[in-house]
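Breakdown of the fold
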Amino acid sequence: MSSFSQPKLAEKPKVPNLEAGASITKLGRRGTPHKRPFSLNLAQSHLIWTSSSIMKTKEMTRVDLTSVTRVTKGQSTIPFVRQASNAAVSSKAAQSFSIIYEDYAGNETSLDLVCDSADQFNDWFHEISELVKYHIVNKDSEDRVQRFCRRQWGMADLDGDGSLSFKEIEKLIQKLNLDLDKPYITKMFNEIDVDKSGTLDYLEFQNLLDLLSRREDVYATWCALVTGDIFKGHRSVHTYCEAKNGKAYKESSIEATVFHKFLTEIQKVNQTLEQTKLKIEAMKGEDEKRDEKLRFANFRDYLNSGENSAYAIENTTQVYQDMNQPLSHYWCASSHNTYCESDQLKGYSSVNRYINDLMKGCRCVELDCWDGPKNEPIIFHGHTLTGQIKFKDVIEAVKEYAFQKSEYPIILSFENHCSIGQQKVMAKYCKQILGDMLLVPALRDDGSLPSPEELKNKVVIKAKKLPKKNEDEEAVDEDFEEQQKAAASAKPKEEDSDAAPEGPAKDQKKKKPKIAKELHDITFLSGVHFKSWEQSEKDALANEMSSFSEPKTEKLIKNHASDWIQYNKKQMSRIYPAGVRIDSSNYNPVPSWNVGSQIVALNYQTSCFQMHLNDGKYMDNMNAGYILKPAALRNKDIMFDPVTGPFPPEEALNFDIEVMSASQLPKPKGATKGEVIDPYVKVEVHGVPNDSKNYQTRVIDNNGFNPVFNESFSFETQMKSLGLLYIAVYDSDQFDADDFIAYATIPLNCLREGIRNVHLKSWNGNNSGEFQFCSIMVNITFKR
């Protein structure tokens, strides 16, 4: 197996303490602490522990360190929250840490550890952090094929003897979503077992996976390239996969000039012939002949590589947009009720939720602030049974994690229900903890908002401020009022008064909360009650912004879309879910994006189709968290409506997309057991109403490993900068609802022509575990 353009890997760090192993306290899913022996399998980078439960599978008692996203000090995760009253655990916060990782099913979870001593903590935290950093830095440099081989080998070698028996191979093939009968597997096994030992070593195992991984459509494309027919518009699986020609074509090679023609004419890549020759040189393995010819294995690896992604790689690897325009000219990745781990009635709250969202590129997080005991402001969903966390702990997490993913500004959206005294405490913590990161910028000379570039590495606060002179009423917190009505209707009739969270007095709504000057002075974005479009245009400052509920948003979009677009060119608006969504479900963000609303706040903790769209949208611009809106949503001289337009000619994009094949699709939820799936693919465009369209391929029975579809669909869009291509794979089920497998979302203005690879993510938006290898091959043609 050849490798594709692999830079030399950095040297793996030395981890003597991990290799030696140790007994460490581990918190279970319910938070119960247990001593467990831990050790490291350095070859596979697996941190392993021994469980007392016979029900725990091999996958459930190890962490693949290549799937770790971060290692955090302290006790910020839910298992630690559950042990807050356990002094044996909570008193050792300085000796605690959490490993945040994606399990084999693609779910984000945590391994929560409490060390016996400060020395043990320092040794283990440092070595694990260094090893995780090594894998994160080198993940894209590792050969994807080799990484897949190593993972499957580790999972198939059940007895750990360094070889695979026929029985282990049978189980692996079923896990890989291939339906092969025993005689065929036996024939393959015997052909691969060249030394006739009755087992496969690692090299033989690689050859087996190479044989299983053959994809007819990829091979057909290679054959058409060898013959030159691909430049004539011909690429037929049936024409080029005849057995009599197969071997000859596979052993053929092409000159650099042919590959260059493929890149420039089919893939529409703008590069010189010399650059193509350098690319070919980089694609060759160490044992390959150093010439300017490309062979089938090189070409196959190129098609499957990240460089060949359908999502323009230059858009995901650099901040390429103009970041010097007013803040109102950008969409901002935004989280609603950020503290909530699950539902908004009785669910847990955690500081880890803020860390998660910030590390995903979210730039606006919400803090619902209430009076807490001992003059410590707390954050929770008021008048509900949700968990409570300290305001101070959240601000400390913001300081540490705000700019690890993006250097562009963080907006802290305060929903303030605190007394004057505790508002002063909030202001004190913000100033003391954030220091120079906290900024109250001035408006520009023309009255517009400062730019993301001007606010780099700064934190700004959005909250209600003291009323202007000659202004009698304060902003009404519509978000809070609507959600409390919904929460109240969902509460049990009888409540334990002792367990009820602390909150404001019963007459809080009658007595509108006052604002402490100290908090007023550090607030930049002023939350105000929306009165009218005319008043906003005439009197409002650019840093005055209003929040709109989901129901109100739907009405305004239906009746006043163009007015709202004009409003959003100067001011910012925040959209939040309807109060009835106490299950933390999400609304469709696309209509709000279409009218230019900047802070379209979603429940990041809830995996759903809406978050899939959000994820793909904000991958653009290097996941900076800010996306520049199109001119029609920025230029005050352009009147635009998402339904009637006018639509600029340069925004039109008509294209065909052929779903060629899929590769290494997992089972539903990344399961390692279960039936072989029957996949099909949905292809949809979501954008302005007239652009939205959806298609579906046929079902391929009993093949999730390398199914071939070869089905084409056409789209005609008028506003590509507002469009998102959504691709989802499902497992067909005759007797029950179809199971979701994986998805990808690509903004239409990030879409690339040619034969491209679409890397898929799990339902939860992760791409580790079984999901780091699955993809769809497509052929995209723009109509000009």
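Starting afresh in each chain, residues are numbered from 1 along the sequence in its written order. Confidence filtering applies because this is a predicted model: local features only for residues at pLDDT of at least 70, side-chain atom pairs given and counted only at 80 or more, and all residues used for totals across whole chains, interfaces and linings. Heavy atoms from the whole structure form the basis of all side-chain values; hydrogens and water molecules are not counted.

Quick word on empty space enclosed by the protein
Points on a 1 Å grid over protein atoms alone make up a cavity when a 1.4 Å probe fits among them but cannot get out, and a pocket when they form an open set with protein on both sides within 12 Å along at least five of seven lines; lining residues each have an atom within 4 Å of a point. Grid points are joined across faces, edges and corners, and a volume is the space filled by probe spheres set on the points. Scanning the entire structure with this criterion turns up three cavities of 30 Å³ or more. Of the pockets and cavities examined, the second largest cavity occupies roughly 100 Å³. Forming the boundary of the second largest cavity are Phe-148, Gln-152, Lys-175, Leu-176, Gln-664, Leu-665, Pro-666, Lys-667, Gly-670, Ala-671, Glu-770 and Phe-773. Here the term charged refers only to Asp, Glu, Lys and Arg, the term nonpolar to Ala, Val, Leu, Ile, Met, Phe, Trp, Tyr, Cys and Pro, and the term polar to all other amino acids, Gly among them. Of the residues belonging to the lining of the second largest cavity, the class tally is six nonpolar, three polar and three charged.

Points about the layout of surface pockets
For the second largest pocket, the calculated volume is near 920 Å³. What lines the second largest pocket is a set of 30 residues, and nearest its centre among them are Gln-75, Ser-76, Val-351, Lys-390 and Asp-393. At the level of elements, strand S5 (68-73), helix H2 (78-82), helix H16 (351-359), strand S13 (389-390) and helix H17 (391-401) are the ones that each hand at least two residues to the lining of the second largest pocket. A helix here means a DSSP run of H or I that spans at least four residues, while a strand means a run of E at least two residues long, and both kinds are numbered starting from the N terminus. The element contributing the most residues to the lining of the second largest pocket is H17, with five residues. Here the residues of the lining of the second largest pocket sort into twelve nonpolar, ten polar and eight charged.

Concerning the sheet that holds strand S22 (residues 679-686)
Sheet strands pair via backbone hydrogen bonds, and the direction of the pair is either parallel or antiparallel. Pairing within the open sheet is antiparallel, and its four strands lie in the order S23-S22-S25-S26. Sheet topology places strand S23 (693-696) and strand S26 (739-747) at the edges, where each strand pairs with a single neighbour. When strand polarity is set aside, the average angle formed by the axes of neighbouring strands in this sheet is 15 degrees. As paired strands, S22 and S23 are joined by four bridges and run antiparallel to one another. In short, DSSP must find at least two bridges between two strands for them to pair. Each axis is a line fitted through C-alpha atoms, taken for helices only over the stretch in contact, and angles between the N-to-C directions span 0 to 180 degrees.

Topic: helix H22 (residues 550-570)
The terminal C-alpha atoms of H22 lie 21 Å apart, and with 21 residues this falls more than 12% below the ideal 30 Å at 1.5 Å per residue. Take the seven residues that end at a residue and the seven that start at it, fit an axis to each, and the angle between those axes is the bend at that residue. Its axis deflected by about 105 degrees at His-560, H22 carries its strongest bend there. To sort residues, take the accessible area from a 1.4 Å probe on protein chains only and compare it with the maximum for the residue type: under 20% means buried, over 50% means exposed, and anything in between is partly exposed. All buried positions along H22 are accounted for by Glu-550, Thr-553, Leu-556, Ile-557, Ala-561, Trp-564, Ile-565, Tyr-567, Asn-568 and Lys-569. Elements in contact with the buried residues of H22: helix H21 (533-539), strand S17 (544-549), strand S18 (573-576) and helix H23 (590-594). Given the number of residues in a helix, its expected span is that number minus one, multiplied by 1.5 Å. Residue contacts follow a heavy-atom distance rule, with two residues in contact if any of their heavy atoms lie within 4.5 Å.

What to know about the packing of aromatic side chains
Only the six-membered ring of Trp is used, alongside the rings of Phe and Tyr, when aromatic pairs are assigned; centres must lie within 6.5 Å, and planes under 30 degrees apart are stacked while those over 60 apart are edge-to-face, with the rest tilted. Following the criterion strictly, the structure yields 37 aromatic pairs and no others. Taking the centre distance of 6.4 Å and the plane angle of 35 degrees together, the rings of Phe-148 and Phe-705 count as tilted. Here Phe-705 lies in the loop between S23 and strand S24 (708-717) and Phe-148 lies in helix H5 (residues 144-156), a separation of 557 residues in the sequence. Like Phe-148, the residue Phe-705 is buried in the burial classification. Aromatic pair Phe-262 and Phe-299: ring centres 5.4 Å apart, planes at 70 degrees, arrangement edge-to-face. One end of the pair, Phe-262, is in helix H12 (residues 256-266); the other, Phe-299, is in helix H14 (residues 296-304), and 37 residues separate them in sequence. Residue classification places Phe-262 among the buried positions, given a relative accessible area of 0%. Classification of Phe-299 as buried rests on a relative accessible area of 0%. Chaining the aromatic ring pairs together yields one cluster made of Tyr-219, Trp-222, Phe-259, Phe-262, Phe-296, Phe-299 and Tyr-302.

Regarding the packing of H5 against helix H8 (residues 202-212)
Contact geometry of H5 with H8 gives a least axis separation of 10 Å together with a crossing angle of 115 degrees. Taken together, H5 and H8 sit at an angle that is classed as roughly perpendicular. Viewed along their axes, H5 and H8 form a crossing whose handedness is right-handed. Between H5, through Gln-146, Phe-148, Cys-149, Arg-150, Gln-152 and Trp-153, and H8, the contact on the second element is made entirely by Tyr-202, Phe-205, Gln-206 and Leu-209. Residues that form the contact of H5 with H8 fall into these classes: six nonpolar, three polar and one charged. Should an angle fall under 35 degrees it is taken as roughly parallel, and over 145 as roughly antiparallel, whereas 65 to 115 is taken as roughly perpendicular and any remaining angle as oblique. By definition, turning the near helix anticlockwise from the far helix through less than a right angle yields a left-handed crossing, and turning it clockwise yields a right-handed one.

Brief notes about the pairing of strand S7 (residues 108-114)
When a strand is regular, its side chains alternate between the sheet's two faces. Most of S7 is tucked away: six of the seven residues are buried. Pairing geometry for strand S1 (residues 22-27) and S7, over three bridges, is antiparallel. If you follow Lys-26 over to S7, its bridge partner there is Leu-113. Across seven bridges, strand S6 (residues 96-102) lies against S7 in antiparallel orientation. Paired with Ile-100 across the strands is Ser-110, a residue of S7.

Comments concerning the side chain of Asn-703
Structurally, the position occupied by Asn-703 is in the loop between S23 and S24. We define a polar contact as two N or O atoms separated by no more than 3.5 Å, with the added condition that, inside protein, one atom must be a possible hydrogen donor and the other a possible acceptor, whereas residues neighbouring each other in sequence contribute only through side-chain atom pairs. Engagement of the side chain of Asn-703 in a polar contact is seen with the backbone nitrogen of Phe-705, the distance being 3.0 Å. At 2.9 Å, the side chain of Asn-703 forms a polar contact with the side chain of Asn-706. Asn-703 has contacts with Asn-177, Leu-178, Val-676, Ile-677 and Pro-679, leaving out every residue within four places of it along the chain.

A few points about the sheet that holds S6
The seven strands are arranged S4-S3-S2-S1-S7-S6-S5 in an open sheet whose pairing can be described as antiparallel. Each edge of the open sheet is held by one strand with a lone partner, namely strand S4 (62-64) and S5. Each strand axis lies, on average, 30 degrees off the axis of its neighbour in the sheet, ignoring direction. Each of S5, S6 and S7 touches H16; the most contacted strand, S5, lies at about 140 degrees to it.

Some remarks on the pattern of salt bridges
By definition here, a salt bridge exists when the distance from a side-chain nitrogen of Lys or Arg to a carboxyl oxygen of Asp or Glu is within 4 Å. As enumerated under the stated definition, the model contains 26 salt bridges in all. For Arg-300, the salt bridge identified is with Asp-210, shortest N-O distance 2.8 Å. Placement of the pair is Arg-300 in helix H14 and Asp-210 in helix H8, with a sequence separation of 90 residues. Classification of Arg-300 as buried rests on a relative accessible area of 15%. Between Lys-761 and Asp-615 there is a salt bridge whose closest N-O contact spans 3.0 Å. Of this pair, Lys-761 sits in the loop between strand S27 (754-759) and strand S28 (775-783) while Asp-615 sits in helix H24 (residues 609-623), placing them 146 residues apart in sequence. Assessed through its relative accessible area of 16%, Lys-761 is described here as buried. One network of salt bridges, in which partners are shared, links Asp-64, Arg-151, Lys-175 and Glu-770.

Comments concerning the nonpolar core
Throughout this description, the term nonpolar core refers to a set of buried Ala, Val, Leu, Ile, Met, Phe, Trp, Tyr and Cys residues connected via side-chain atoms within 4.5 Å. Ranked by size, the top nonpolar core spans 75 residues in total, and within it Leu-367, Phe-391, Leu-412, Phe-414, Cys-430, Leu-434 and Trp-564 carry the most contacts. Here this core takes seven residues from helix H18 (residues 420-434), the largest share from any one element. Leaving out residues up to four positions away in the same chain, Cys-430 has contacts with Phe-391, Ile-395, Phe-414, Gly-435, Leu-438, Ile-461 and Ile-522. Of all hydrophobic cores here, the second largest spans 34 residues; its members include Phe-655, Val-685, Phe-771 and Ile-780.

Here's the deal with the confidence of the model for the protein chain
Summarising the model, the protein chain shows a mean pLDDT of 89, and 90% of its residues fall at 70 or more. This stretch, residues 236-245, has a pLDDT under 50; its non-local contacts, to residues over four places away or in other chains, come to 16 contacts. Within a predicted model, pLDDT stands for the predictor's per-residue confidence, ranging from 0 to 100. The model gives residues 470-476 a pLDDT under 50, and that stretch makes eleven contacts with residues more than four places away or in other chains.

Some words on helix H4 (residues 118-138)
Helix length check: H4 (21 residues) gives 30 Å between terminal C-alpha atoms against 30 Å at 1.5 Å per residue, within 8%. Buried residues along H4 sit against helix H1 (16-20), S1, strand S2 (33-41), strand S3 (46-49), S5 and S6.

Topic: unusual backbone geometry
Each neighbour pair has its own omega, and for Gly-645 with Pro-646 the value is 5 degrees, a cis peptide bond. Of note, Pro-646 is situated in the loop between strand S20 (626-628) and strand S21 (653-663). Backbone geometry places Lys-268, a non-glycine residue, at a positive phi of 60 degrees. Tracing the backbone shows Lys-268 in the loop between H12 and helix H13 (273-283). Assessed through its relative accessible area of 45%, Lys-268 is described here as partly exposed. Of note, the phi angle at Gln-664 is positive, near 55 degrees, even though the residue is not glycine.

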